[in-house]
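As a plain string of letters, each chain reads:
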Amino acid sequence: MRASRTIMIAVTAGLLTAAPVTVASASASASAVAPATGGELGWGPTYAPGKRAVAKGTLTSSGLNKTRIPATSTVAVKGRVTDLTRGPGCGWAVFRISYRTNDGNVPFKHRSYLDCSRGTPRAFAFTDRNVALVELKVCSEGRASRPSDVCLYAGTWKILYSSL
């Protein structure tokens, strides 16, 4: 019984001392996210697992609206996705864009770009309004009409822009 109390105190003390480290590391990683106040940020290269595909480009934000919660802006993304596989695979650049609707909800949508020509990049560009968050994931899969659920829901997303 005494040992479990000691562990609990140590865990609690560990959480208390870890909080400032987490905040500091979050501040450091936030500098890699596009500024919400405007400007252009280069992103990438971002690789698929196994370095079988790569994507890189730029993101520009403008028109930050702080009167809404969450704050939103217009975001323009340009880039290239390149398939690096030696077989029948393709490279996907998948963007998850969280935006604010007129009724105050914040749903997300996906924009996906496919390249199946080994070593020859495919260019893409898009612009969205009322954007709160832009995330990126690069995957390598077979040719399909859309990315698989494994690509969309397994692994982590890289944050490119946050108005928060």
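Residue numbers restart at each chain and count upward from 1, following the sequence in its written direction. Selection of residues for local features in this predicted model requires a pLDDT of at least 70, selection of side-chain atom pairs for listing and counting requires 80 or more, and totals for whole chains, interfaces and linings are taken over all residues. Calculated side-chain values reflect all of the structure's heavy atoms, with hydrogen atoms and water omitted.

**Brief notes about the state of the cysteines**
Throughout, disulfides are identified as pairs of cysteine sulfur atoms within 2.5 Å of each other. Enumeration according to the criterion identifies 2 disulfides in this entry. Shown here is the disulfide that connects Cys90 with Cys116, its sulfur atoms set 1.9 Å apart. For the disulfide bridge between Cys90 and Cys116, the dihedral angle about the S-S bond is near 105 degrees, and by the sign convention the bridge is right-handed. Taken together, the residues span a long stretch of sequence, with Cys90 in strand β4 (residues 89–99) and Cys116 in the loop between β5 (108–115) and β6 (122–142) at a distance of 26 residues. Residue exposure (1.4 Å probe, protein chains only): buried if accessible area is under 20% of the type maximum, exposed if over 50%, otherwise partly exposed. Judged by its relative accessible area of 2%, Cys90 is buried. Numbering goes from the N terminus for both helices and strands, where a helix is a DSSP run of H or I of at least four residues and a strand is a run of E of at least two.

**Concerning the layout of surface pockets**
Over the atoms rolls a probe the size of a water molecule, and in doing so it shows where empty space is left. There is about 230 Å³ of room inside the largest pocket. Lining the largest pocket are 17 residues, with Pro49, Lys137, Val138, Cys139 and Ala154 positioned closest to its centre. The leading source of residues in the lining of the largest pocket is β6, at 6 residues. The residue makeup of the lining of the largest pocket, split by class, is 9 nonpolar, 4 polar and 4 charged. Residues are called lining when one of their atoms sits within 4 Å of a cavity or pocket point, these points coming from a 1 Å grid over the protein atoms alone, where a cavity is a set in which a 1.4 Å probe fits but cannot get out and a pocket is an open set with protein on both sides within 12 Å along at least five of seven lines. Grid points are joined across faces, edges and corners, and a volume is the space filled by probe spheres set on the points. Residue classes follow a fixed rule: Ala, Val, Leu, Ile, Met, Phe, Trp, Tyr, Cys and Pro count as nonpolar, while Asp, Glu, Lys and Arg count as charged, and any other residue, Gly among them, counts as polar.

**A closer look at the confidence of the model for the chain**
Note: pLDDT gives the predictor's confidence per residue, expressed from 0 to 100. Counting all residues, the mean pLDDT for the chain is 81, and 77% of those residues have values of 70 or more. Predicted confidence for residues 1–31 stays below pLDDT 50, and this span has 0 contacts to residues more than four positions away or in other chains. Any pair of residues with heavy atoms lying within 4.5 Å of one another is described as a contacting pair.

**Considering the packing of aromatic side chains**
Only rings of Phe, Tyr and Trp enter the pairing, Trp through its six-membered ring, and a pair is recorded when the two centres are within 6.5 Å. The plane angle decides the type: under 30 degrees is stacked, over 60 is edge-to-face, the rest tilted. Following the criterion strictly, the structure yields 6 aromatic pairs and no others. Look at Phe95 and Phe126: their rings are 5.2 Å apart centre to centre, the planes differ by 70 degrees, and that puts the pair in the edge-to-face class. With Phe95 in strand β4 and Phe126 in strand β6, this residue pair connects regions lying 31 residues apart in the sequence. Just as Phe95 is buried, Phe126 falls in that class too. For the ring pair Tyr113 and Phe126, a centre distance of 6.1 Å and an interplane angle of 10 degrees mean the geometry is stacked.

**A word on the pairing of strand β2 (residues 53–65)**
Every other side chain in a regular strand lies on the same face of the sheet, so the side chains alternate between the two faces. We treat two strands as partners when DSSP finds at least two bridges between them. Where strand β1 (residues 39–47) meets β2, 7 bridges bridge the pair, whose relative direction is antiparallel. Each residue of the ladder has a partner; that of Glu40, found in β2, is Thr60. Counted between consecutive antiparallel strands, the loop separating β1 from β2 contains 5 residues, among which Gly50 sits at a positive phi close to 80 degrees. In this structure, the hairpin formed by β2 and strand β3 (residues 72–83) is closed by a connection of 6 residues.

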